[in-house]
Amino acid sequence: MAMIECESLVKIYKTDEIEVMALQGLDLTVEEGEFMALMGKSGSGKSTLLNMLGGLDTPTAGKLFVHGHDMLRMKKSQMVTYKRREVGFVWQNNARNMLPFLSALDNVMQPMIYAGKHDRRRRAEMLLELVGLKHRMKNKVDQLSGGEQQRVAIAIAMANEPALLLADEPTGAVDTKTADQIFDIFRELNQTLKQTIVVVTHDYRMSEKVDRVVNIRDGKTSSEIIRNISYADELENIHRLSETAALRTEWLMLDRAGRLQLPQEYIDSLHIDLPGKIIAERDGDHIILRRE
């Protein structure tokens with residue numbers, strides 16, 4: 001069973017005057033132990049999807065299963081347990097991650113207190129050591145840098161050993177060096193603990209650190225970039241530009257109706273006015289698209 005299964009997922013937001021379709025029949029599968037990124041322009045639907053995976057929002061239609069849970073049929077009590085035990089969330093805004101009047105150690109222990117877990121201090125110290133902050137465990141939020149706060153936030157999200165770790169723009173408020181450190185922690189969690197991680201990011205440079213990049217456009221999965229070699233092998237070859245050029249393959253995604261979305265740069269290069277027409281021709285095992 002996959003960790004995440006989305007099929008024809010639809011999300012519609014309604015007010016008295018307008019109706020906005022945030023997701024328009026999105027299909028997506030995420031395997032257990034995968035480290036992937038969701039990317040797309042503002043309003044594409046990526047954060048909406050993340051909120052539904054985290055149990056913070058509910059789909060309007062379609063199917064959504066996370067770790068075997070049917071997210072459309074869960075009762076409120078089941079959803080509370082799901083959010084407490086099954087999923088960890090790291091926000092861009094540190095105010096949503098930590099309680100400012102508590103130390104880093106106490107912040108990490110809080111989710112375990114709510115879940116009724118024992119041996120909380122030992123696990124909290126282990127997690128802070130894992131993110132490189134055991135020496136800062138007695139410091140409060142205002143005594144930590146932005147990057148340190150985000151590393152504590154990762155430890156908090158991992159406190160109850162979640163099946164799924166979600167992060168919404170976790171490097172949006174830090175510098176490039178700190179962003180690298182944060183993604184390296186995610187990678188360490190993925191490799192050592194086999195943690196399934198889904199990150200929403202706008203930073204294409206950061207997307208190079210994950211196994212798969214799913215681009216969402218107009219509320220649907222439009223393309224995927226998949227790593228061709230292991231992360232360890234890439235680290236060995238990263239200084240060779242000729243080799244890094246072929247580390248990933250980009251795939252355009254066909255939906256269940258046989259439709260696909262072309263990357264905007266392709267449309268711009270062919271000077272196609274939208275809505276417009278292109279000619280599709282079959283040539284053996286190839287499909288050729290060209291301007292009319």
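Residues numbered from 1 in each chain as written. Predicted model: local features only at pLDDT ≥ 70, side-chain atom pairs only at ≥ 80, totals over all residues. Heavy atoms only, no water.

Participant: Any chance you could explain the side chain of Glu169 here in plain terms?
Facilitator: Considering the arrangement of structural elements, one finds Glu169 in the loop between β7 (164–168) and α6 (176–193). Of the buried charged residues, Glu169 lacks a salt bridge, with Lys46 as the closest side chain of opposite charge at 5.0 Å. A distance of 2.8 Å separates polar atoms of two side chains, one belonging to Glu169 and the other to His202. (Helix = DSSP H or I, 4+ residues; strand = E, 2+ residues; numbered from the N terminus. Buried < 20%, exposed > 50% of the residue type's maximum accessible area, 1.4 Å probe, protein only. Lys, Arg positive; Asp, Glu negative; His and termini not counted. Salt bridge = Lys/Arg side-chain N within 4 Å of Asp/Glu carboxyl O. Polar contact = N/O pair within 3.5 Å; in protein donor to acceptor, adjacent residues only side chain to side chain.)

Participant: Even after reading the chapter, I still don't get the confidence of the model for the protein, so can you show me in this structure?
Facilitator: If pLDDT is low for a region, its predicted coordinates should not be looked at in detail. Averaged over the protein, the pLDDT score is 84; the fraction of residues at 70 or greater is 91%. The low-confidence segment residues 241–245, where pLDDT is below 50, has three contacts with residues more than four positions distant or belonging to other chains. (pLDDT = per-residue confidence, 0-100. Contact = heavy atoms within 4.5 Å.)

Participant: Can you walk me through the sheet that holds strand β2 (residues 19–30) in this structure?
Facilitator: Through backbone hydrogen bonds, the strands of a sheet pair up, either in parallel or in antiparallel fashion. Spatially, four strands are ordered β2-β1-β4-β5 in an open sheet, and the strand pairing comes out antiparallel. With partners counted over all chains shown, the strands left at the sheet margins are β2 and β5 (69–70), one partner each. Across five bridges, strand β1 (residues 4–14) lies against strand β4 (residues 61–66) in antiparallel orientation. From the neighbouring strand, Glu5 faces β4, where its bridge partner is Phe65. (Pairing = 2+ DSSP bridges.)

Participant: When you look at the nonpolar core in this model, what are you seeing that I'm missing?
Facilitator: One finds Val108, Leu128, Val152, Ile154, Leu165 and Phe186 to be the most contacted residues of the largest nonpolar core, which totals 38 residues. For this core, the secondary structure elements donating two or more residues are β3 (35–39), α3 (104–114), α4 (120–130), α5 (146–157), β7, α6 and β8 (196–200). With six residues, the top contributor of residues to this core is α5. The contacts of Leu128, once residues within four sequence positions are left out, are Ala104, Leu105, Val108, Leu133, Lys134, Met137, Val152 and Ala155. In terms of nonpolar packing, the next biggest core, distinct from the first, is built from 30 residues, Leu23, Val87, Val214 and Ile216 among them. (Core = buried A, V, L, I, M, F, W, Y, C linked by side-chain atoms within 4.5 Å.)

Participant: What exactly am I supposed to notice about the environment of Pro162 here?
Facilitator: Mapped onto the elements, Pro162 comes out in the loop between α5 and β7. On the basis of relative accessibility, which here comes to 5%, the residue Pro162 falls in the buried class. Taking the C-alpha atoms as reference points, Pro162 and Glu86, 76 residues apart in sequence, are found 4.6 Å from one another. Look past the residues within four positions of Pro162 in its chain and what remains in contact with it is Arg85, Glu86, Val87, Gly88, Ala157 and Gln195.

Participant: Before we go on, may I ask you to explain the packing of aromatic side chains in this structure?
Facilitator: The description of an aromatic ring pair rests on the distance of the ring centres and on the angle between the ring planes. All chains considered together, the criterion is met by four aromatic pairs. Between Phe183 and Phe186, the ring centres sit 6.0 Å apart and the planes meet at 80°, which makes this aromatic pair edge-to-face. One end of the pair is Phe183 and the other is Phe186, both in helix α6 and three residues apart, which spans about a single turn. Taken together, Phe35, Phe183 and Phe186 form an aromatic cluster joined through their ring pairs. (Phe/Tyr/Trp six-rings, centres within 6.5 Å; stacked < 30°, edge-to-face > 60°.)

Participant: How should unusual backbone geometry be read in this particular structure?
Facilitator: Residues apart from glycine generally show negative phi values, whereas peptide bonds are mostly found in trans. Its identity is not glycine, yet Asp119 carries a phi of approximately 55°, on the positive side. Mapped onto the elements of the fold, Asp119 is located in the loop between α3 and α4. Residue classification places Asp119 among the partly exposed residues on the basis of a relative accessible area of 46%. Of note in this structure, Asp218 is not a glycine but carries a positive phi near 55°. Considering the arrangement of structural elements, one finds Asp218 in the loop between β9 (212–217) and β10 (220–227). In this structure Asp218 comes out as partly exposed when scored by relative accessible area, which is 46%.

Participant: What's the story with the pairing of β9 in this structure? I'm lost.
Facilitator: Each regular strand carries side chains that alternate between the two faces of the sheet. Across the six residues that make up β9, a large majority, five, are buried. Across four bridges, β3 lies against β9 in parallel orientation. Within the sheet, the bridge partner assigned to Ala37 lies in β9 and is Val213.

Participant: I would appreciate a short explanation of the environment of Ala155 in the present structure.
Facilitator: Inspection of the secondary structure puts Ala155 in helix α5. Overall, the relative accessible area of 1% leaves Ala155 in the buried class. Put simply, Ala155 and Gly33 are 122 residues apart on the chain and 18 Å apart in space, counted from C-alpha to C-alpha. Aside from chain neighbours lying at most four places away, what touches Ala155 is Val108, Leu127, Leu128 and Val131.

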